Each structure stands twice: as C-alpha cells, then as structure tokens.
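Structure assessment
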Amino acid sequence: MGRRPYVLLSCAMSIDGYIDDATDERLLLSNDSDLDRVDAVRAEADAILVGAATVRRDDPRLLVRSPGHRQLRVARGLPPSPAKVTVTGSGDLDPAARFFTVGDADKIVYCGSAAWDKTRERLGHLAAVVDGGEPVDPARVLADLAGRGVGRLMVEGGAQVHAQFLAAGLADELHLVLAPFFVGDGRAPRFVGDGRFPWHPGRRARVAEVRQIDDVVLVRYALSDRCPAG
C-alpha cells in the first residue's frame, strides 16, 4: 500500500460558523472571485470527494468549470476534470444525480459493507462501487484511492465528511472561507459538530496563508508537515 493521498479540505462558512441555512435553497457563501479560486484548486486535484448527503441535497456536478484549466489538464495527459468520489453508509443515491450523469470523469462510490451488494446492483453501471468498511473508514478510502493513482484529494464536504477526516487526523490542509454575514439559525448545519480533533488549545494548527478575496476571507491552515507555507 502506497502513501496516502494529500488531503485538502475546502469549506465556506458564515461568520457564526454555518455552512448552509435551514431552507431548501442552497446558501451562497462565496463570491465569483473565490469560486474561480476553488475551480483552480479543483483543477490541481486527482479526485474530488463529497458525502452522499451533499450529493442528495446540492446535486453538484463536481467539474472544473474554466476552459483554460480543463485544457491545461488535458495537455498534461489528464481528463478535463478530476475523478468524482462519494461515501455513503446506505447506498441511497439517485442514479440520475449529476454526480453520475454529468462529465466523463471516473466515478467511485465507497459504501458501507452491509450495503455493498445493493449499491453495486443499483449504481455499478455508473460508477466503481467499493466496500468502504462498516462504517465507511476514511483511512480505507484513502488507501484504495492511492492504489488507483490518486495523489491529491480535494474534500468538499459536507460537515460529517469533514469531521471524519479531521477527527481521524487524515487532513493535510484546510481552506476555510469566511463569508461576511451571519445565519443565526440553530437548525442549519455548521462546519463541524462535536468531536475529538487532533488540533486543540495544546496543539494549534499552523496558519499558512490569509487572503482577502473581494468580500470574503480565505484562511489556509496547514494540518500536517506535508502542507507547504505561502
């Protein structure tokens, strides 16, 4: 088993720590300039991972949007967009979701052991369906991705997936974008919930960069010695 992929977590949140509101509409926390930055970060990844709840709620395409970034990837012998990855305990995913139907990138579904047969039957014609353990183990996911040649993984959420990678100490870098407003609704999801994390008052994460991008602020945290400064 090779070295695990470099893991970069990306998240935008309100001033009071929410990553969405409690309505059915997706809350836009970023701005156009920051979305261009995120697109560039995506273009550098070998795979993009989101949780099944994000697939169901946001129906993301998970593609590189910029023609220039896509062309640079193709010039390097890569597909226009990174592979798409999701994790699900139950396998309850809609085959018509844009995760599966949009773009030619490889798709990989890591599911709970108990749901593997069902998930393979439901989605096996659209994606590689892999037994991720019971419950799905992020370390096992990373080991399998490394075996598939993934050297750099971008994790785009949601909150539960971010918390799992952070609590397991499997994140190398965190891009946290702060939007200039409050949500103020306890029914809405926060960046991460309660948990035991390797970074605490006695072990602080290193700030690698702080950057204003129009009306949002990006803080880049180094969570391992694999993360470069600046």
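Residues numbered from 1 in each chain as written. Predicted model: local features only at pLDDT ≥ 70, side-chain atom pairs only at ≥ 80, totals over all residues. Heavy atoms only, no water.

With that out of the way, let us pick up the pairing of strand β1 (residues 6-13). β1 sits mainly inside the fold: 7 of its 8 residues count as buried. The pairing of β1 with strand β6 (residues 152-155) spans 4 bridges and is classified as parallel. Bridge pairing in β6 places tyrosine 6 opposite arginine 152. Pairing geometry for β1 and strand β7 (residues 173-178), over 6 bridges, is parallel. Counterpart to alanine 12 in the pairing with β7 is valine 177. (Buried < 20%, exposed > 50% of the residue type's maximum accessible area, 1.4 Å probe, protein only. Helix = DSSP H or I, 4+ residues; strand = E, 2+ residues; numbered from the N terminus. Pairing = 2+ DSSP bridges.)

Another aspect to go through is the nonpolar core. Leu49, Tyr110, Leu153 and Phe165 are the most contacted members of the largest nonpolar core, which totals 31 residues. Counting residues in hydrophobic clusters, the runner-up holds 14 residues, among them Val55, Leu62, Leu93 and Cys111. (Core = buried A, V, L, I, M, F, W, Y, C linked by side-chain atoms within 4.5 Å.)

This part is about the environment of glutamine 212. In this fold, glutamine 212 is placed in strand β8 (residues 206-213). Measuring from C-alpha to C-alpha, the distance between glutamine 212 and arginine 61 comes to 27 Å, with 151 residues separating the pair along the chain. From its side chain, glutamine 212 meets the backbone oxygen of aspartate 214 in a polar contact 2.9 Å long. (Polar contact = N/O pair within 3.5 Å; in protein donor to acceptor, adjacent residues only side chain to side chain.)

Along the polypeptide, aspartate 20 turns up in the loop between β1 and α1 (32-43). Within the local environment of aspartate 20, its side chain forms a polar contact with the backbone nitrogen of leucine 27, the two atoms lying 3.3 Å apart.

Taken together, the side chains of Ile15, Leu178, Phe182, Val207, Val210 and Val217 make up a nonpolar region of the molecular surface, amounting to roughly 520 Å² of accessible area. Looking at the secondary structure, you find valine 207 in strand β8. Judged by relative accessible area, valine 207 falls into the partly exposed class, the value being 46%. (Patch = residues over 30% accessible without salt bridge, like charges linked within 9 Å, V, L, I, M, F, W, Y side chains within 5 Å. Areas by Shrake-Rupley, 256 points an atom, 1.4 Å probe, with all protein chains shown as cover. Salt bridge = Lys/Arg side-chain N within 4 Å of Asp/Glu carboxyl O.)

The next subject is the sheet that holds strand β3 (residues 83-88). Judged by pairing direction, the sheet is mixed, and its 9 strands sit side by side in the order β5-β4-β3-β2-β6-β1-β7-β9-β8 without closing on themselves. Sheet topology places β5 (128-131) and β8 at the edges, where each strand pairs with a single neighbour. Each neighbouring strand pair of the sheet contributes to a mean axis angle of 20 degrees, computed without reference to strand direction. As paired strands, β3 and strand β4 (residues 107-111) are joined by 5 bridges and run parallel to one another. Its bridge partner lying in β4, valine 87 is registered against tyrosine 110. Lying over the sheet, helix α5 (residues 116-123) contacts β4 and β5, oriented at roughly 175 degrees with respect to β5. (Axes fitted to C-alpha atoms, helices over the stretch in contact; angles between N-to-C directions. Contact = heavy atoms within 4.5 Å.)

Looking now at the pattern of salt bridges. With the rule as written, the count across this model stands at 14 salt bridges. Residues glutamate 156 and arginine 42 are paired through a salt bridge, measuring 2.7 Å at the closest nitrogen-oxygen approach. Of this pair, glutamate 156 sits in the loop between β6 and α7 (159-167) while arginine 42 sits in helix α1, and the two are 114 residues apart along the sequence. Glutamate 156 sits in the partly exposed class, given a relative accessible area of 22%. Assessed through its relative accessible area of 14%, arginine 42 is described here as buried. Residue arginine 140 pairs with aspartate 131 through a salt bridge whose shortest N-O separation is 3.6 Å.

As far as function goes, none of this settles anything; it's purely spatial.
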